[in-house]
Structure formats: structure tokens, C-alpha cells
Amino acid sequence: MAHGPTSLYPKEVTLTNCDREPIHILGKIQKHGYLIACDAISHIVNYCSDNIAQILAKGPEALLGQPLNAVFDEVQMKQLLETKVAEKATPIHTTIEGQHYAMLAHLNEGNLVVEFEPLEVDANAFEYQNQLAEIVSKLNGAGEEQHMCDVTADLIKEFFGYDRVMIYRFDEHWDGIVVSEARESHLESWLGLRYPASDIPQQARKLFLKQGVRIIADVTSTPVHIQALGGKEQENPIDLSLSETRASSPIHIEYLENMNVGASLTAAIISEGALWGLIACHHYSPKFVDFYKRQSCKFLTQIFSSQLVLLSSNILLQKLNEASKTRSLLMEKITKNWNVHKGLTKGSHTMLDLTQAQGAAVFLDGKLKRVGITPDKEQILALINRLKPLEQDEVITTQLTKDLPELQDIKAKASGVMCLFLSNLKKDAILWFKSEKIETVNWAGNPDKLSTLDSNERLTPRKSFEAWSIQEEGKSAPWEDYEIVAARALKQDISQIILEKYDEIKGLHNLLQIAYEDLETFSYSVAHDLRAPLRGIDGFAHIIKEDYFEQLDEFGKSSIDTIIGSATKMNQLIDDILAFSMVSQSEMNKDKFSMNKLVDDVLGILPISQDYPSVSITVAPQMPQAYGDRKMIAQVLQNLFTNALKYTRAVEQPQITIGFKEHQNKGFYFVQDNGIGFDQSHEKRIFRLFNRLVGDEYEGSGIGLTIAKRIIKKHKGAIAVISKPGEGSTFLFNLG
Amino acid sequence: MAEDYILSIEDNNTDIALMNRIFQKNIPHYGIKHISDGQEAVAFLESEAFRLQQPKLVLLDIKVPRLNGLQILKKFRKIEAYLGIPVVMMSSSDRKDEIIKAYKLGANSFIEKPRNYPELSKALPALINYWIVYNK
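Worth saying up front: this structure is predicted, and the values here are computed from it rather than measured.

About the cut-offs
Residues numbered from 1 in each chain as written. Chains lettered and ligands numbered in written order. Predicted model: local features only at pLDDT ≥ 70, side-chain atom pairs only at ≥ 80, totals over all residues. Heavy atoms only, no water. Helix = DSSP H or I, 4+ residues; strand = E, 2+ residues; numbered from the N terminus. Areas by Shrake-Rupley, 256 points an atom, 1.4 Å probe, with all protein chains shown as cover. Pairing = 2+ DSSP bridges. Buried < 20%, exposed > 50% of the residue type's maximum accessible area, 1.4 Å probe, protein only. Salt bridge = Lys/Arg side-chain N within 4 Å of Asp/Glu carboxyl O. Phe/Tyr/Trp six-rings, centres within 6.5 Å; stacked < 30°, edge-to-face > 60°. Lys NZ or Arg CZ within 6 Å of the ring centre and 35° of its normal. Axes fitted to C-alpha atoms, helices over the stretch in contact; angles between N-to-C directions. Contact = heavy atoms within 4.5 Å. Buried area = accessible area lost by both parts, 1.4 Å probe. Polar contact = N/O pair within 3.5 Å; in protein donor to acceptor, adjacent residues only side chain to side chain. Nonpolar A, V, L, I, M, F, W, Y, C, P; charged D, E, K, R; others polar. Patch = residues over 30% accessible without salt bridge, like charges linked within 9 Å, V, L, I, M, F, W, Y side chains within 5 Å. Lys, Arg positive; Asp, Glu negative; His and termini not counted. Charge placed at Lys NZ, Arg CZ, Asp CG, Glu CD. UniProt positions renumbered as here; feature names shortened; annotations may be inferred. Left-handed = near helix turned anticlockwise from the far one by under 90°. Domains from an automatic or database assignment. 1 Å grid on protein atoms, 1.4 Å probe; cavity = no way out; pocket = protein on both sides within 12 Å on 5 of 7 lines; lining within 4 Å. Points joined across faces, edges and corners; volume = space filled by probe spheres on them.

## Structural notes on the overall build of chain A
Item 1. Looking only at helices and strands, chain A features 18 helices and 29 strands.
Item 2. Summed over its atoms, the accessible surface of chain A is roughly 36800 Å², and 52% of this surface lies on carbon and sulfur atoms.

## Remarks on the sheet that holds strand 5 (residues 99–108) of chain A
Residues and elements named next belong to chain A.
Item 1. If you trace the seven strands from one edge of the open sheet to the other, you get 1-11-3-2-6-5-4, paired in antiparallel fashion. The outermost strands of the open sheet, each flanked by one partner alone, are strand 1 (28–29) and strand 4 (92–96).
Item 2. Both strand 4 and strand 5 contribute to a ladder of five bridges, which runs antiparallel. Bridging across to strand 5, Thr95 finds its partner in His100.

## Section: unusual backbone geometry
All names here are of chain A.
Item 1. Although it is not a glycine, His43 sits at a positive phi angle of roughly 65 degrees.
Item 2. With respect to the helices and strands, His43 occurs in the loop between strand 2 (34–39) and strand 3 (45–49).
Item 3. On the accessibility criterion, His43 (22% relative accessible area) is partly exposed.
Item 4. Of note in this structure, Gln664 is not a glycine but carries a positive phi near 50 degrees.
Item 5. Among the secondary structure elements, Gln664 is positioned in the loop between strand 26 (655–663) and strand 27 (666–673).

## A closer look at the pattern of salt bridges
In a structure, side chains of opposite charge can pair up when their charged atoms sit close to one another.
Item 1. Tallied over the full model, the rule gives 30 salt bridges over all chains.
Item 2. Between Asp561 of chain A and Lys545 of chain A there is a salt bridge, with the nearest N and O atoms lying 2.9 Å from each other. Residue Asp561 of chain A is located in helix 14 (residues 554–585), and its partner Lys545 of chain A is located in helix 13 (residues 481–548); the two are separated by 16 residues in the primary sequence.
Item 3. The partly exposed category is assigned to Lys545 of chain A, whose relative accessible area is 32%.
Item 4. Shared partners join several salt bridges into a network, and the residues in it are Arg535 of chain A together with Glu10, Asp15, Asp61 and Lys113 of chain B.

## So, the packing of aromatic side chains
All names here are of chain A.
Item 1. Counted under the stated rule, the structure contains 17 aromatic pairs over all chains.
Item 2. Between Tyr168 and Phe170 the ring centres are 5.8 Å apart and the planes differ by 85 degrees, which places this aromatic pair in the edge-to-face class.
Item 3. Its relative accessible area of 5% is what places Tyr168 among the buried residues.
Item 4. Taken together, Tyr168, Phe170, Trp174, Trp190 and Tyr195 form an aromatic cluster joined through their ring pairs.
Item 5. Across from the ring centre of Phe159, 5.9 Å away, lies the NZ or CZ of Lys293, which sits over that ring.

## Here's the deal with the sheet that holds strand 27 of chain A
Residues and elements named next belong to chain A.
Item 1. As summarised here, the arrangement of the five strands in space is 24-26-27-29-28, forming an open sheet in which the pairing is mixed. Either end of the sheet is taken by a strand with one partner, and the two such strands are strand 24 (616–619) and strand 28 (718–724). Geometrically, the sheet is characterised by an average inter-axis angle of 20 degrees between neighbouring strands, direction not taken into account.
Item 2. As paired strands, strand 24 and strand 26 are joined by four bridges and run parallel to one another. Pairing of Val619 across the sheet is with Ile658, part of strand 26.
Item 3. The strands touched by helix 15 (residues 595–605) are strand 24, strand 26, strand 27 and strand 29 (728–734); relative to strand 24, the strand with the most contacts, the crossing angle is about 160 degrees.
Item 4. Across the sheet, helix 18 (residues 704–714) lies against strand 28 and strand 29, angled at about 140 degrees from strand 28, the strand it touches most.

## Examining the interface of chain A and chain B
Item 1. Of the residues lining the interface, 17 residues belong to chain A; the matching set on chain B comes to 21 residues.
Item 2. Regarding the contact of chain A and chain B, the summed buried area is about 1800 Å², with carbon and sulfur atoms giving 53% of it.
Item 3. The tally of links between chain A and chain B comes to five salt bridges.
Item 4. We note a salt bridge from Asp547 of chain A to Lys25 of chain B, for which the minimum N-O separation is 3.1 Å.
Item 5. The interface formed by chain A and chain B includes five residue pairs in polar contact (both at pLDDT 80 or more).
Item 6. Mapped by element, the contributors of at least two residues to the side of chain A that touches chain B are helix 13 and helix 14 of chain A.
Item 7. Examining the composition of the side of chain A that touches chain B, we find that 15 residues originate from one element, helix 13 of chain A, more than from any other.
Item 8. Considered class by class, the residues forming the side of chain A that touches chain B number five nonpolar, five polar and seven charged.

## Side note on a positive patch on the surface
Item 1. The grouping of Lys342, Lys346, Lys367, Arg370, Lys377 and Lys413 of chain A at the surface amounts to a positive patch.
Item 2. One can find Lys346 of chain A in the loop between helix 10 (340–345) and strand 14 (359–364).

## So, the UniProt feature "domain: Response regulatory" (unreviewed entry) in chain B
Item 1. When the UniProt feature table is mapped onto this chain, "domain: Response regulatory" (unreviewed entry) is found at residues 5–128 of chain B.
Item 2. Annotated as 45% helix and 19% strand, the span residues 5–128 of chain B places its first and last C-alpha atoms 11 Å apart.

## Re the packing of helix 17 (residues 630–648) of chain A against helix 18 of chain A
Residues and elements named next belong to chain A.
Item 1. With their axes 9 Å apart at the nearest point, helix 17 and helix 18 run at an angle of 145 degrees to one another. Crossing handedness for the pair helix 17 and helix 18: left-handed. In this structure, helix 17 contributes Met632, Ile633, Gln635, Val636, Asn639, Leu640 and Asn643 to the contact, and helix 18 contributes Gly704, Leu705, Ile707, Ala708, Ile711, Ile712 and Lys714.
Item 2. Across the contact of helix 17 with helix 18, the residue classes break down as nine nonpolar, four polar and one charged.

## Things to note about the UniProt feature "modified residue: 4-aspartylphosphate" (unreviewed entry) in chain B
Item 1. Annotation from UniProt places "modified residue: 4-aspartylphosphate" (unreviewed entry) at Asp61 of chain B.
Item 2. With respect to the secondary-structure elements, Asp61 of chain B resides in strand 3 (residues 57–61).

## Description of the domain arrangement of chain A
Item 1. For chain A, the assigned domains are domain 1 (24–118) and domain 2 (586–734).
Item 2. Using only C-alpha atoms to locate each centre, domain 1 of chain A and domain 2 of chain A end up separated by 113 Å.

## Structural notes on the pairing of strand 12 (residues 263–271) of chain A
Residues and elements named next belong to chain A.
Item 1. A large share of strand 12 lies buried, amounting to eight of its nine residues.
Item 2. Relative to strand 12, strand 10 (residues 213–216) is paired through four bridges, and the arrangement is antiparallel. If you follow Val213 over to strand 12, its bridge partner there is Ala267.
Item 3. Here strand 12 runs beside strand 13 (residues 274–283); their pairing, made up of nine bridges, is antiparallel. Opposite Ala263, over in strand 13, you have His283 as the bridge partner.
Item 4. Between strand 12 and strand 13, which pair antiparallel and follow one another directly, the connecting turn spans two residues, one of which, Glu272, has a positive phi of 50 degrees.

## Some points on empty space enclosed by the protein
Item 1. Enumeration over the complete set of coordinates arrives at two cavities of 30 Å³ or more.
Item 2. Its volume calculated, the largest cavity comes out at about 50 Å³.
Item 3. Lining the largest cavity, in full, are Arg535 of chain A together with Glu10, Asp15, Leu18, Met19, Met90, Lys113, Leu120 and Leu124 of chain B.
Item 4. At the level of secondary structure, the elements contributing two or more residues to the lining of the largest cavity comprise helix 1 (13–26) and helix 6 (117–135) of chain B.
Item 5. Here the element with the most residues in the lining of the largest cavity is helix 1 of chain B; it accounts for three residues.
Item 6. Taken together, the residues of the lining of the largest cavity sort by class into five nonpolar, no polar and four charged.

Quick look at the structure:
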């Protein structure tokens, strides 16, 4: 709701003298009233006001201790005894010595309380009805809140004739602001003035909820004392919570006197069960408004309250509607490319559109994205880190630095923060920021000197109500209900999407698992099914060569050799592809092993003396031990050695050196050759699948180095090559 | 069919043709009988005809239709009377799990089918001769 204190804000209750003052058991009524009360069961009179003789012809001394039917006649008694708890009885009209009085009865705390107050009977009932009807229709026509307040203030002024009518609204701290005013032209305006919460203390606010309309008919008159049976008014004071004529507290009277007010009327504006504000009427001389008129005022106030609820509900509904449209747009954007960050902060619609905030941010999966005016990234992360330990789903404040002074550096951009955490465990959150709004607050009197202690150490209210301006810092505009609702709804949406995304990833993972299994089957099939026809090609080519070679001409003979050569190549290619797929599939079996021993083993199985008789191979005698999958590293070495042998074949004195050395501050095993080498710019390409830098004169599938790289990567190690055309290559690797 | 023969359970026609050629060239004194279906093979192994005329050796491919080589081996090795007949398993791959399984089920030897013909034509007769001589 756009007004009044909501449950979102902490209700600060400061107990002052005023707050402690037992204003409902002061034991006094106003001068215009008369009171007699009896025990609700025995009907023995137990309280009387000093002035009761003016009405009942007998004084308190004569009445106290008497049964009530000794005071009232049979008809009156019957009416009085119909009074029910928590209900005000219909007033009984009585005339005493030509004066009209309303007799008002109510039950409270086991007492039947009967009050008398004057009645104005001169008013034309018909005209009065007309006036009320007019007021209702005017109120219904008032479109917006401010207009409604203004119309109400004017109508009440006109109807009741007070010098000043103010509509006074409570903020979240129970400070009151004059939001509308109708006054006699010679009076200075109090519109916009703020009254501190202590001006209307907590128990006064409670009483307002119980009793809609109250008047003080004559501020300066002396209140009338109430006597109790047996003089026990001190020990057993009468509870006047529901009394119409109850006298005000001396502190309040002094407060009004300090404002030069002679009479007042106050009506509570109650919206959805909570005190929204007050209609406060001041008159600068005594003024009495009778019971019926007060009832009219109550009725008016009720209409005003319900209009207010209707209006704010309509506004809320409209805002929520807009927000829900924005939300569906945001969701559409997010689901389009499954990017929550971009969806919320980029493009024509962003999460900022959901509120009146100046900035917003989303923190998800360790990534922060911002939109609008916000603190910088580090500051937001610090804020999240500060808020998360509070263990609240959401933190909503309009005065961040008052609550958390250590966050002073973001005061300007984020005095208002609304932070909704997306999960209990993680720091993922959506946030909105409202900038600091330095506001000039016009207090009615210096709020630092609201009251002073007099010579008797008694608290007295302030004497001056002159406007006192204060610059208020560190506060933002309030968070409206619709903003909070929209933010919560967005949180729900995002949580849903994250959940869906998780499911999707899980689905993909399962598919991947199946794909891996398929790949394994595929590799096996390749081995099995490709080999058999290849054996046929190779086998029958050999058979032709064995049995029919002489019958062929030269081209036929060379063709047979080509078939056999191609089959061999094909077999090699299948071997390599299988080895490659095995690397990604197989589990690593890590252990410590001697690199020297492994190098010897691998060199041992290569046909070096047979195919490369002229090569000279040097192995460093004491390379460091290695830790990894020995079989896989054997594959790496074999591939590197085969490479080195192949590319040094054309060199006059082929040399291969195997060892260990420092490279860029890290230890690397290396295989160095003096072969044909290549341009260093091809370094990356050389490790790619099926990438060959050389022509067909060098056999090979272009897979060997890719396998080597994969194995090293699987070990979280590094592999590199340094090469120069004509000077040879050095392959370096380590195992992480 | 010659008196001494080798039973080959193999479904690949190319391999069958190559084997025929190798037998003919290198071990012409042995006949060769091929069965290319798993269930057929088991039926034959459990038949009276088989009991009366037992092969010198069984060459058993791992991948044959309907019942695979390992399943056939399992059934065959349950017949105690034939435990003396050597079984050589053949496969196009060298999958460790299969090799171990084959030996556990009672295979006498396991060879990965050689890549090229010269190798095959040397390896196969050698292996067959070895087991036949060993068995004597």
C-alpha cells in the first residue's frame, strides 16, 4: 500500500512519559459531561461524577451505594439494561429542566457506565440528511488520494465549523504528516508539517482504534472528578476507555494550550484494521459537537477509509498488472537463450521496470550483472556478503546505512535496498536500489526539544510549534507494496527457471552418457568390422602377388603393391583412431614411475635398427620420476619418438635427444630432433586432429600429436613445441 | 571331409576364403569345416556326428550371429569328453576383458586376427600345428 505503516517496517516503540501515562483511568470527565456507573451484576451505583446532581437532582453522596433503579424509572432501566458488552447502546433522549441530553450507556470492565451530554436539537434533520448525502457523493467522486483528502478536509470544515481541519497521516515510524488542510484564511498553514510520533503516544493510538471520534469541547475548562464507592477512586479507578466524555490527559491539554487550541475533534482513519491517520480539527475557542454529529463524522471517516482502501487496492492491482506483463516479457527473454543475467538486465525491458528503483542487479552462479544506477560490482558483492549472514530470505530497507553503518560508501546510490535471495545456501540474489533522497522535513516545532522537564521534574510538551526544517539524509523513497510483490514474483519465476535449467542440464548429461557408451560400441565396431574387409583386400592382393604376379605387366604389378600399401596405411589409421578414442574413455591409472625406464621400453618396441639405422639417440641418464598413467605416457612417448624418427629420416646425421629441462620456469621432459622442423606459427595447428603439415612422402594419420596432447591434458599437464624449418623440433611436456 | 579336420566357427566370408587358402597352401593335410551361425555351431558340437568324428582343433571367432563365441565356448567346455579338443579364440580386437573371459571359459589360445595376409598365413598354421603337436 502506498501509505501508512506496513508490517515491512520495524515499528519503533519508544516509551516516553506520555506513553506510560494511564490516560484511560484518569478518573475525570470533561466539564460538559455527567457520569454515573454501577456494578453490571448487582446494579449498585459505584461511580458518580461530582456534577451529577445537575442531572439527577441527587449528589454522589446520596447515589453511591444505591441500587440503580432508585435513580432511573422503569422505562429507562429497561433500556439501560439492554446495553451489551462491546457495543454502544442507542442514546436515550432525555429532557431535564428544558435542556436536552443524550444518555449514553456502555459496559466496560464489569461496570455499566451511563453518561449524559447536551444535545443540540435545533438542527433541521432533513437538511442534515441532505448534507450527508452530498458529502458521500462528493467523496465517491474524488479520483485520487490527495484529492480525496482535500475534499474530505473541506467537507468536514464546512459541516462541523472548526477553524482548522487537518488530515494527518502516519508514516512507517508513526510520525504524522499533515497531508491536507482546510482552515480559516487568517490562520497560517500547517500543510506538510511533520509531527513526531510522541505527539500521539502509543496508548492514545490504541484508544483511537477503540473509539472512532473524540472531542475536547473546552481545553481550558476544569475537568470533573469522579467519585468511587467508599472513596476508593485511587485504588480502583474507573476505566474510561469507551467513555464519550472522558477528560484528556494533562500533558495533551498542555500540548493543545501551547498551540492556543480551544477545542478539538479527532477522528481515526482506519484502513484494513490499522491506523492510517487522523482527521484532526482545531478550534480556537471552546466548541462542542454533540453525539449525533460525532456519529456523522464517524460515518464520514468510515466512507473516507473505505474509499482509501478501494483506491489503493485499485492502484495496487493496476501496478501488479503492469508488473506481471513486464515479468512475462522478462521470462520470454530469459528462456529464449537461457541466460538469466542478460534477460534481466539487457534490452528494452529489464528487471528495473518492475519497480520505481533507480538501479537493479542480479547475482547468479558467481556472476553479477547490473542495470541502471547502482553501486559498483565490488560494493554490491560486499553488500551481499554483509546481508547473507542475516539469514533472511529478503532484506528490504529504506535506510541501509542507518541499519548497517559500515556500508556508508553506497549511501548515495543505495540508501534503499531490496535484496531477495534465491536460495538458502547460495548467495544468488536479485537486488534493487533506490538512491538517497535528501528530504527537507518540516517539523512542527524543534523535534529535539519535544518536551522539557519543568521545575517539578514533570514532563511538559514543547511550547513552540513553529516550522523547524531538517535535512534528512540516508533515506530513500519507500518500497511500495506492489514493488515488493513484483520482486517476490520475479524471484519465484527465476527459481522456476533455474530448476528447469538444472533439469535440462541433467538431461543433456544423460544424453552425453549415452553418446559415450555409443562411442565405445562404435569404436569396437570399427575395430571389428573395418578390419575384416581390410584383411580381405590385403589378403587377396597378397594371393594375387603369390600366384599370379608373373602373369601381370608392370602396371599390374605396381597396382598390387599399391593395394597392399594402402591396406597397411588404412590399418595404421584404424589403430590411431582407436587409440585416440581410448584416451578419452579410459580411466587413468596414476602411479609413480621411472621416465628413463619407460623411454627405454618404448624405444625397445620401435623398429629403430631396422627402419632407421643411421639415427643416433641420446637419453639423459637421470630424468626425474614421473607421476601419471604409465601406459598413456608410453603412448605419448611412442608418438613423439615416431614423429622424431620420421622427420629426421631425410637428414644426413639424424639425432634425437630425450631429456628434462626448465622451460618458462617449469620442468619439462623433452624430445628433440634435428629433422625438417616447421614454422613456429603452426604450433597450435600441429596438435589438431588430422592436421598434417607435410605431404604424403611422410606416412601418418595426423592423429598422433592430438592423442599426445589429449593424454597430457587429461593429466592436467602442458605440451608445447619449439621448431624452426630445417633446424628441427623440440617437443616439451610435463604432467602438471 | 578328410579324417583330420579343423572346425572353424566364423561368419565372415572374406576370412573364410582367406583361411581356406591358407589351409590349402600351408596345411593341406587338414580338412576344414566352417559353420557361420552360433546356434548351428552348438547344435553340431552337441551332435552325434560330432562325437563320431571330432576335429583336431576348434577355431572360434568371438563375434558370430545368434550365439557369440564366448557363449558357444561356455557350452562346449561343459562337455567333459571334449575337454581334450583345443579351442583357439579369434577376434578382430584385442579387448582385454574378452581375452580374460575367453581364457576363463577354457580357451587354449587367443589370437587377434592379424592385420595382413602374410602375418595371418604364418600365424594360423603355426598355432594349429602347435596345438595339435602339443595334444599328441
